[in-house]
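What follows is the residue order along each chain.
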Amino acid sequence: FTTDSYPEIQRNPRFAQITKDHVSYFQLLLGKGSAVIDGVTTELATDDMEPYNGDWMRKYRGHCKLVLKPGSTEEVSKVLKYCNDNMLAVVPQGGNTGLVGGSVPVFDEIVINTSRMNKIQSFDEVSGILVVDAGVVLEVADQFLAEKGYIFPLDLGAKGSCHIGGNVATNAGGLRLLRYGSLHGSVLGIEAVLPDGTIVDDLSKLRKNNTGYDLKQLFIGGEGTIGMITAVSIICPQRSSAVNVAFLAVESYEKMQRTFREAKTQLGEILSAFELMDLGSQHLVNNAQGSKPPLETESPFYCLIETSGSNSDHDNEKLEKFLEDVMSREIVSDGVVAQDQTQIKSLWSQREGISEATAHWGGVYKYDVSIPLKDLYRLVDDTREKIEAAGLKGDTDEFPVLDVVGYGHMGDSNLHLNVAVRRYDKRVEEVLEPFVYEWIAKVQGSISAEHGLGLAKKNYIGYSRSETMIGLMKQIKNLYDPNGIMNPYKYM
Ligand code: FAD
Ligand code: 2HG
Ligand code: ZN
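Residues numbered from 1 in each chain as written. Chains lettered and ligands numbered in written order. Predicted model: local features only at pLDDT ≥ 70, side-chain atom pairs only at ≥ 80, totals over all residues.

Taking an unreviewed UniProt entry as the reference, the protein is identified by name as D-2-hydroxyglutarate dehydrogenase, mitochondrial belonging to Pseudomassariella vexata. Database annotation for the protein, UniProt heading Sequence similarities (unreviewed entry): "Belongs to the FAD-binding oxidoreductase/transferase type 4 family." (UniProt positions renumbered as here; feature names shortened; annotations may be inferred.)

See below:
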């Protein structure tokens, strides 16, 4: 862990310390097996707190002593009311796969984990509307839908662990936003609990509902700062019967933009993903996984194109025509189309495996940013240049930086800039920040495209939001959570 104490943040003295009485209350309320307790009282079993205190990247670590696992909305309501009345700070937690340090405590906040709230409540096979508890794992929901001929409108590398409540709380974007849009559009309803225990019953199953402010939107991307999401209703599209994946080599970022344009024009309604990868990111994946690259010739850029349609012959013909065209015009230099499910999976792993691979050699600095498409990759080049000029990047152990790589959801103008390091090093941080944030502000981009603010971006929101906007956000936070117990020290 790089950060298991935070000298720059003071524990808010208004928050109470957990006592034996508090623990007894929760144990009585939730029953056995619903709490993980460490060191609060000696009579109780000490369990391993690590999975709840440490994040996926092993970058942030909290010191919570109590993890609660309520089994129903009513229990969440009672837990939160008690915490609010007793000034106990809390952190809502789903699968703990978040990438900005938002899902783990900073000090001793109580973790409220949704893993016991994992029921699929209902599914309407005509409308495609799914209602789930917040703790349903994304992949479980998607497999359930697959059997009914439907698909979850969100897909991401962490699907096997992340919870739908966590996805909604982070407004996760993922690999198919290009096709199915953002959760702000597909989520139809939310049930949530406010810190004072009020149950916000907005689990609408209506596609259209213009009756007043759309308050559920505040919980989408709210990162657990105003309340805890307990259930979600979401509209799911029909699953496409014909899915094709192509992996293409492209010589320059300029040609990559042309490839994207052609893909939109020629593939039209069947285009379901357009993902960008640079050569460095592919080296990291293949070295970390010990796998072979899909194409023999190396190229500075690659893209993964997925099509999803309902007519296999029609889709294949379209994709092949597109490939022929872009290759004959030398926009694309090489390519391969997956021939079966195994190959589809293996091509996707060239993209989905990057996030993990960048951290494989010791650590990674991650930036998840929105940049106007024409400027998108320039940030990677400029950052690499800065890091090299500072003498921090090299092939041997004496250099902290292995590589500066860029990849991401090109179809959504969302770049992931990852600086893979052998060890965390203050000198690298000093080159990266505020440089990256200033760069983003200059092109009017966003310092957080899809991962949220959490602890990592909290101090930098001003690069993407005006004082007026931040002021309004603070008013909303104070209205919903006047005691500030929900996920403190984070967001803004
Ligand atoms: P957690 O990590 O547990 O929590 C995330 C935040 O939400 C925290 O602030 C937490 O307090 C809050 N929260 C959790 N549950 C609730 C709730 N019920 N009510 C209120 N607040 C809650 N993100 C993308 O957008 N696109 C990607 O493509 C993508 N790919 C990823 C790939 C990998 C390998 C990994 C590890 C992560 C990836 N992510 C991606 C990050 C993404 O944000 C998470 O994977 C996911 O959305 C978080 O869900 P979770 O259940 O793990 O939430
Ligand atoms: C992805 O698109 C995720 O793979 C993770 O959003 C990005 O690790 C990252 O920087
Ligand atoms: Zn992403």
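1. As for the overall build of the protein
Helix and strand counts for the protein come out as 17 helices and 16 strands. Seen through its principal axes, the protein has C-alpha atoms that stretch 75 × 60 × 45 Å. Scored against the burial criterion, the 492 residues of the protein give a buried share of 50%. Here the analysis covers contacts within the protein between residues at least 6 apart in sequence; of these, 74% occur between residues at least 24 apart. (Helix = DSSP H or I, 4+ residues; strand = E, 2+ residues; numbered from the N terminus. Buried ≥ 20, exposed ≤ 12 C-beta atoms within 10 Å, placed from the backbone. Contact = placed C-beta atoms within 7 Å.)

2. Comments concerning the sheet that holds strand β12 (residues 301-309)
Here we have seven strands laid out as an open sheet, ordered β13-β10-β12-β11-β15-β16-β14, and antiparallel in their pairing. Only two strands of the sheet have a single partner each, and these edge strands are β13 (334-337) and β14 (363-370). Each neighbouring strand pair of the sheet contributes to a mean axis angle of 15 degrees, computed without reference to strand direction. Sheet topology places strand β15 (residues 401-409) next to strand β16 (residues 414-421); eight bridges connect them, and they run antiparallel. (Pairing = 2+ DSSP bridges. Axes fitted to C-alpha atoms, helices over the stretch in contact; angles between N-to-C directions.)

3. As for helix α14 (residues 378-389)
Here α14 contains twelve residues, and its C-alpha end-to-end distance of 16 Å stays within 8% of the 16 Å for a straight helix at 1.5 Å per residue. Within the span of α14, buried status applies to Leu379, Val380, Thr383 and Ile387. Along the axis of α14, the buried residues cluster in a sector spanning 95 degrees; they form a single face. α14 presents Glu385 and Ala389 as exposed residues on the side facing more than 90 degrees away from its buried surface. In the core, the buried residues of α14 are packed alongside β11 (271-278), β15, β16, α15 (426-432) and α16 (435-442). Trailing α14 by a residue or two, Gly391 shows a phi angle of about 70 degrees, which is positive. (Expected span 1.5 Å × (residues − 1). Arc of directions from axis to C-beta.)

4. Brief notes about the site of ligand 2
Around ligand 2 sit Leu99, Gly157, Ile354, Ser355, Lys366, Asp368, His416 and Asn418, and those are all the residues in its vicinity. Mapped onto the shell around ligand 2, the elements with two or more residues apiece are α13 (354-357), β14 and β16. Broken down by class, the residue content of the shell around ligand 2 amounts to two nonpolar, four polar and two charged. (Near = placed C-beta within 6 Å. Nonpolar A, V, L, I, M, F, W, Y, C, P; charged D, E, K, R; others polar.)

5. A short note on the site of ligand 1
Around ligand 1 sit 38 residues in total, of which Gly94, Gly102, Gly165, Gly166 and Gly224 are the nearest. Considering every element that reaches the shell around ligand 1, the biggest residue donor is helix α5 (residues 164-170), with five residues. The residue inventory of the shell around ligand 1, partitioned by class, reads 13 nonpolar, 22 polar and three charged.

6. A word on the pairing of β11
Within β11, eight of the eight residues are buried, which leaves it mostly tucked inside the rest of the structure. Two strands pair when backbone bridges link them, and β11 and β12 are joined in this way by seven bridges, in the antiparallel orientation. The residue bridging Met277 from the neighbouring strand is Tyr302, located in β12.

7. Here's the deal with helix α11 (residues 312-328)
Between its first and last C-alpha atoms α11 spans 24 Å; for 17 residues at 1.5 Å apiece the expected length is 24 Å, and the two agree. For α11, the secondary structure elements touched by its buried residues are β10 (242-250), α9 (253-267), β12 and β13. A positive phi of about 55 degrees marks Glu330, the residue just after α11.

8. Considering the domain arrangement of the protein
What the domain assignment lists for the protein is domain 1 (1-239), domain 2 (242-354) and domain 3 (358-451). Domain 1 and domain 2 are separated by 35 Å when their C-alpha centres are compared. Across the boundary between the two partners, domain 1 contributes five residues, which contact six residues of domain 2. Partitioned by chemical class, the residues of the side of domain 1 that touches domain 2 number two nonpolar, one polar and two charged. (Domains from an automatic or database assignment.)

9. Focus on the packing of α9 against α11
For the pair α9 and α11, the least separation of the axes is 10 Å and the interaxial angle reads 145 degrees. Pair α9 / α11 crosses with right-handed handedness. Contacts between α9 and α11 involve Thr259, Glu262, Ala263, Gln266 and Leu267 from the former and Lys318, Leu319, Phe322, Asp325 and Val326 from the latter. In terms of residue class, the contact of α9 with α11 is made up of five nonpolar, two polar and three charged. (Left-handed = near helix turned anticlockwise from the far one by under 90°.)

10. Some words on the UniProt feature "domain: FAD-binding PCMH-type" (unreviewed entry) in the protein
In the numbering adopted here, UniProt assigns the feature "domain: FAD-binding PCMH-type" (unreviewed entry) to residues 60-239. What you have in residues 60-239 is 23% helix and 22% strand, and the ends, taken at the C-alpha atoms, are 37 Å apart.

11. Quick look at the sheet that holds strand β1 (residues 35-37)
In spatial order, the strands read β1-β2-β4-β3; together these four strands make up an open sheet with mixed pairing. Each end of this open sheet is capped by a strand with a single partner; those strands are β1 and β3 (90-93). For this sheet, the mean inter-axis angle between neighbouring strands, taken without regard to orientation, is 20 degrees. Judged from the four bridges that link them, β3 and strand β4 (residues 110-113) form a sheet pairing that is parallel. Looking at β4, one finds that Pro92 is bridged to Ile112.

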